Amino acid sequence: MAPKQNDREARQARERLRAYQARQTVHVHKAKRRRRDNWVAGIAAVVIVALAVGTQLLYFSAGPGAAKASSSASPSASPTSTATVPPKRLAEDRTWTGTLTINNVPLGVSLDGAAAPQAVSSTVSLVQKKFYDGLTCHRLTNGGFYVLQCGDPNGDGSGGPGYSYGPIENAPADNVYKAGTIAMARQGNNAASQGSQFFIVYEDTTIGADNAGGYTVIGHVTSGLDELKAQVTDKGIEGGKTDGAPAVKTTIDGFTLQ
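What you see is a predicted model, and the numbers here were worked out from it, not measured in a lab. (Residues numbered from 1 in each chain as written. Predicted model: local features only at pLDDT ≥ 70, side-chain atom pairs only at ≥ 80, totals over all residues. Heavy atoms only, no water.)

Participant: Would you mind going over the overall build of the protein chain in detail, with residue names and values included?
Facilitator: A tally of regular secondary structure across the protein chain gives three helices and 11 strands. Starting at the N terminus, the α and β elements of the protein chain follow one another as α-β-β-α-β-β-β-β-β-β-β-α-β-β. Among the 258 residues that make up the protein chain, the fraction classed as buried is 43%. Long-range pairs, those at least 24 residues apart, make up 71% of the contacts in the protein chain with a sequence separation of at least 6. By element, 53% of the accessible surface of the protein chain is carried by carbon and sulfur atoms, the whole surface being about 12,700 Å². (Helix = DSSP H or I, 4+ residues; strand = E, 2+ residues; numbered from the N terminus. Buried < 20%, exposed > 50% of the residue type's maximum accessible area, 1.4 Å probe, protein only. Contact = heavy atoms within 4.5 Å. Areas by Shrake-Rupley, 256 points an atom, 1.4 Å probe, with all protein chains shown as cover.)

Participant: Lay out the nonpolar core in plain terms, naming residues and giving numbers.
Facilitator: Counting residues in each nonpolar core, the largest one holds 36 residues, and the members touching the most others are Leu100, Ile102, Leu107, Phe198, Ile200 and Leu228. Considering every element that reaches this core, the biggest residue donor is helix H2 (residues 117-128), with five residues. Ignoring anything within four residues of it in the chain, the contact list for phenylalanine 198 reads Leu100, Tyr132, Leu148, Gln149, Cys150, Gly151, Ile182, Ala183, Met184, Ala185 and Ile252. Core analysis: the next-biggest nonpolar cluster, separate from the first, contains 10 residues, Phe145, Val147, Ala185 and Phe199 among them. (Core = buried A, V, L, I, M, F, W, Y, C linked by side-chain atoms within 4.5 Å.)

If you want it as structure tokens, here you go:
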């Protein structure tokens with residue numbers, strides 16, 4: 001019986017060893033999988049952060065507030081340079097007055113052709129061609145800076161008039177854009193990326209300058225801003241966000257200057 005007893009104990013020992021080895025194999029496999037999953041998750045997190053930062057830089061990092069919602073944002077504008085930039089002389093070194101009508105709210109406006117000749121010349125040219133009529137205001141921000149961005153024919157912040165231009169003109173030295181300010185949107189760190197997109201500041205806002213500088217102020221809203229706030233900006237942003245499409249669809253009905 002002793003030999004049989006020894007054989008049984010040996011078999012049991014081998015079975016316990018195999019069971020232990022199986023458990024160890026499973027444990028090692030799970031550990032490797034956890035490391036792999038953690039590595040993949042880490043890479044995904046980096047990509048997501050990079051995309052988020054890239055989106056901010058494109059959308060806002062140089063315009064009114066970085067899309068932010070960071071105070072260094074600026075509305076994005078990425079027109080392609082295929083058309084001719086209107087000459088500076090078109091601004092005539094004078095003040096242009098007119099009406100920008102948004103959602104049936106007439107805004108009195110005054111553009112300073114002496115302080116921002118290139119940007120005002122471009123704006124006057126586009127207004128004369130009725131470029132803005134029917135375009136939407138695709139972006140509203142209320143998370144620390146307060147702007148309504150308009151003038152993109154694509155309606156998503158990616159379009160322009162077929163040309164881009166610089167330099168930055170008439171940017172406030174203290175980076176404070178007073179309520180009623182009308183300024184040109186551009187890409188982050190790119191002074192020559194101005195096109196047709198502009199933003200209206202509806203409450204005093206500090207927008208930090210980037211490597212290219214501040215944002216070209218072309219003029220001011222002289223009347224109607226309170227009504228615009230009541231009809232559009234006070235209604236908030238889609239999804240309760242602080243930066244995105246206005247909750248109320250917002251359209252430029254017309255734009256005149258003289």
